[in-house]
Amino acid sequence: QGPNNVVNITASTTLTVAEHAGKIITVVGTLASNIVITLPAVNTTAVTTAAGPGQDPNNPNNQGAVFTFFVPTTIATSSLKIGTNGTDKYVGSILTVDTDSSGAMAGFAPASSNDFINLNGSTTGGVAGSYVQITALGTVSSTNSYMVNGVVICTGSPATPFADS
């Protein structure tokens, strides 16, 4: 909570648990180019409970770290891409809501190979008010995974925001 809980991003960025987890990450301003945000690799390396996050902020285990993305202004001429390290994959779902015409809604789940979420300000979401929450989960089906949920606002016919790198 407090004034340092919102992190504004205006360029491609590699996230860290220390700087971004547990905070609201906004993509602000007019994007001059495609922005790629890279999540840290999921690390479930076991360490002793004595080294937990309270005692050791450098603990490499990031299981349960939550990254919350909010789009305050529509992504107009570019795209926002939220990707993993290429090895970690997404599980979960994103709901898309068309706000410009039909009010159509659609839910999308990632394929087993998907490691990117692409918001284009149109059919795959990224209109003002869109949000996505991503949690470092651990191993699902023998792959380190991030659990994702969110509601993204789109225009036109909703299309999946999930993609491969």
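Up top you'll find the structure we're talking about.
Predicted, not measured: the structure shown is a model, and the values here were computed from it.

Criteria and thresholds
Residues numbered from 1 in each chain as written. Predicted model: local features only at pLDDT ≥ 70, side-chain atom pairs only at ≥ 80, totals over all residues. Heavy atoms only, no water. Helix = DSSP H or I, 4+ residues; strand = E, 2+ residues; numbered from the N terminus. Buried < 20%, exposed > 50% of the residue type's maximum accessible area, 1.4 Å probe, protein only. Contact = heavy atoms within 4.5 Å. Areas by Shrake-Rupley, 256 points an atom, 1.4 Å probe, with all protein chains shown as cover. Patch = residues over 30% accessible without salt bridge, like charges linked within 9 Å, V, L, I, M, F, W, Y side chains within 5 Å. Salt bridge = Lys/Arg side-chain N within 4 Å of Asp/Glu carboxyl O.

## A look at the overall build of the protein chain
Here is step 1: Per the secondary structure count, the protein chain includes one helix and 12 strands.
Here is step 2: Along the protein chain, from the amino end to the carboxyl end, the secondary structure elements read β-β-α-β-β-β-β-β-β-β-β-β-β.
Here is step 3: The 165 residues of the protein chain split such that 40% are buried.
Here is step 4: Counted over contacts in the protein chain with a minimum sequence separation of 6, partners at least 24 positions apart contribute 70%.
Here is step 5: Here the protein chain has roughly 7900 Å² of accessible surface; of this, 54% comes from carbon and sulfur atoms.

## As for a nonpolar patch on the surface
Here is step 1: Taken together, Val6, Ile24, Phe70 and Tyr131 make up a surface patch of nonpolar side chains, about 310 Å² in accessible area.
Here is step 2: Among the secondary structure elements, Phe70 is positioned in strand 5 (residues 66–70).
Here is step 3: Judged by its relative accessible area of 33%, Phe70 falls in the partly exposed class.

Shape descriptors only; they carry no functional weight alone.
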